[in-house]
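# Inside the fold
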Amino acid sequence: DAGVTQSPTHLIKTRGQHVTLRCSPISGHKSVSWYQQVLGQGPQFIFQYYEEEERQRGNFPDQFSGHQFPNYSSELNVNALLLGDSALYLCASRFQGPLYGYTFGSGTRLTVV
Amino acid sequence: DQQVKQNSPSLSVQEGRISILNCDYTNSMFDYFLWYKKYPAEGPTFLISISSIKDKNEDGRFTVFLNKSAKHLSLHIVPSQPGDSAVYFCAASDGRGGGADGLTFGKGTHLIIQP
């Protein structure tokens, strides 16, 4: 059974550009969350989708937006990239309640130059 | 404002001994607590969780203890093995329901198991 898959694995963008990151959850997992991890910090919650609706959002500006498709895959969009957006972006999915934990993908390493 | 704190950036333990990783939190609304392990170039891997209505949960070599009054939890690994060397993250959720259970992570503790 495939795990959570993210694409691309690495990406270099220029300040001001837009980027779209993609995530395919484990089959049957309806809940997908996105996290940003910068060096030396823990992952920071961006937002969570469940059954195609944004259910919760962390402290991230509107520059960050997302979408969940009917097949539960998800996109993270970042507009007007800043140097500070350079980070590892992690997608996670789960099937059951929060005590069963999320399964994370290996992430997309975004570098903004 | 850091709601989940892991005050030890690193911890070195001898193989076979007990590893104890600590975590403190400030948000009394947190209902669920989880521990994740992360190797370089991989996403975090779920280890064990505990609900706020319990004070202990055990799974093989891993035990998590929760002290709600002190807003403190700890992860015990016994016995420690070389493969346990990784960064460990403590995470919490306020479990508000409706598919909204985003995790708040600590900064992590780098556990090094010495042979």
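Data block above holds the structure.
Residues numbered from 1 in each chain as written. Chains lettered and ligands numbered in written order. Predicted model: local features only at pLDDT ≥ 70, side-chain atom pairs only at ≥ 80, totals over all residues. Heavy atoms only, no water.

### A look at the pairing of strand S11 (residues 109-114) of chain B
All names here are of chain B.
- Judged by which residues are buried, S11 turns out to be one-sided: Thr109, Leu111 and Ile113 face inward and are buried, whereas His110, Ile112 and Gln114, on the alternate face, are not.
- Examined bridge by bridge, strand S9 (residues 86-93) and S11 share 3 bridges and lie antiparallel to one another. Paired with alanine 86 across the strands is leucine 111, a residue of S11. (Buried < 20%, exposed > 50% of the residue type's maximum accessible area, 1.4 Å probe, protein only. Helix = DSSP H or I, 4+ residues; strand = E, 2+ residues; numbered from the N terminus. Pairing = 2+ DSSP bridges.)

### Thoughts on the interface of chain B and chain A
- In this complex, chain B contributes 23 residues to the contact, which on the side of chain A involves 22 residues.
- In this assembly, chain B packs against chain A so that about 1,900 Å² is buried in total across both faces, 56% of it on carbon and sulfur atoms.
- Between arginine 94 of chain A and aspartate 101 of chain B there is a salt bridge whose closest N-O contact spans 2.4 Å.
- Counting across the chain B and chain A interface gives 9 residue pairs in polar contact (both at pLDDT 80 or more).
- Taken together, the elements giving at least two residues each to the side of chain B that touches chain A come down to strand S4 (32-38) and strand S5 (45-51) of chain B.
- Each residue belonging to the side of chain B that touches chain A can be placed in one class, and the counts come to 11 nonpolar, 7 polar and 5 charged. (Contact = heavy atoms within 4.5 Å. Buried area = accessible area lost by both parts, 1.4 Å probe. Salt bridge = Lys/Arg side-chain N within 4 Å of Asp/Glu carboxyl O. Polar contact = N/O pair within 3.5 Å; in protein donor to acceptor, adjacent residues only side chain to side chain. Nonpolar A, V, L, I, M, F, W, Y, C, P; charged D, E, K, R; others polar.)

### Regarding the sheet that holds strand S7 (residues 62-67) of chain B
Residues and elements named next belong to chain B.
- If you trace the 5 strands from one edge of the open sheet to the other, you get S1-S3-S8-S7-S6, paired in antiparallel fashion. Sheet topology places strand S1 (4-5) and strand S6 (56-59) at the edges, where each strand pairs with a single neighbour.
- In this structure, S6 lies alongside S7, joined through 4 bridges in antiparallel fashion. By the bridge assignment for S7, aspartate 59 is matched with phenylalanine 62.

### Side note on the nonpolar core
Residue and element names in this part refer to chain B.
- Phe33, Trp35, Leu73, Leu75 and Tyr88 are the most contacted members of the largest nonpolar core, which totals 23 residues.
- Taken together, the elements giving at least two residues each to this core come down to strand S3 (19-25), S4, S5, S7, strand S8 (72-77), S9 and S11.
- For this core, the element with the highest residue contribution is S9, accounting for 4 residues.
- Among residues more than four places away in sequence, those in contact with leucine 75 are Ser19, Ile20, Leu21, Trp35, Leu47, Ile48, Phe62, Thr63 and Tyr88. (Core = buried A, V, L, I, M, F, W, Y, C linked by side-chain atoms within 4.5 Å.)

### Side note on the environment of histidine 110 of chain B
Residue and element names in this part refer to chain B.
- Its location among the elements puts histidine 110 in strand S11.
- With 23 residues separating them in the primary sequence, histidine 110 and valine 87 have C-alpha atoms 4.2 Å apart.
- Setting aside anything within four residues of it in sequence, one finds histidine 110 in contact with Pro9, Ser10, Leu11, Ala86 and Val87.

### Quick look at the pattern of salt bridges
- As enumerated under the stated definition, the model contains 6 salt bridges over all chains in all.
- The partner of glutamate 54 of chain A in a salt bridge is arginine 57 of chain A, with the nearest N and O atoms 3.5 Å apart.

### A word on the environment of glycine 97 of chain A
All names here are of chain A.
- Mapped onto the fold, glycine 97 is located in the loop between strand S9 (87-94) and strand S10 (103-104).
- Owing to a relative accessible area of 27%, glycine 97 belongs among the partly exposed residues under this scheme.
- The sequence separation of glycine 97 and lysine 30 amounts to 67 residues, and the corresponding C-alpha distance is 11 Å.

### A look at the packing of aromatic side chains
- In total, this model carries 14 aromatic pairs over all chains according to the counting rule given.
- Between phenylalanine 89 of chain B and phenylalanine 105 of chain B, the aromatic rings sit 6.1 Å apart at their centres with planes inclined by 85 degrees, giving edge-to-face as the arrangement. Pair noted here: phenylalanine 89 of chain B is in strand S9 and phenylalanine 105 of chain B is in strand S10 (residues 104-105), with a separation of 16 residues, a long-range link.
- By relative accessible area, phenylalanine 105 of chain B is classed as buried at 5%.
- Among the aromatic residues, ring-to-ring pairing joins Tyr35, Phe45 and Phe104 of chain A together with Tyr36, Phe46, Phe89 and Phe105 of chain B into one connected group. (Phe/Tyr/Trp six-rings, centres within 6.5 Å; stacked < 30°, edge-to-face > 60°.)

### Topic: the sheet that holds strand S3 (residues 19-24) of chain A
Residues and elements named next belong to chain A.
- Taking strand neighbours across the sheet as the criterion, the 4 strands line up as S1-S3-S8-S7 in an open arrangement whose pairing is antiparallel. Strands at the two margins of the open sheet, each flanked by one partner only, are strand S1 (5-7) and strand S7 (64-68). When strand polarity is set aside, the average angle formed by the axes of neighbouring strands in this sheet is 20 degrees.
- Of the strand pairs in this sheet, S3 and strand S8 (residues 74-78) are connected by 5 bridges, and their pairing is antiparallel. Note that in S8 the partner of cysteine 23 across the bridge is serine 74. (Axes fitted to C-alpha atoms, helices over the stretch in contact; angles between N-to-C directions.)

Keep in mind these values describe shape, not function.
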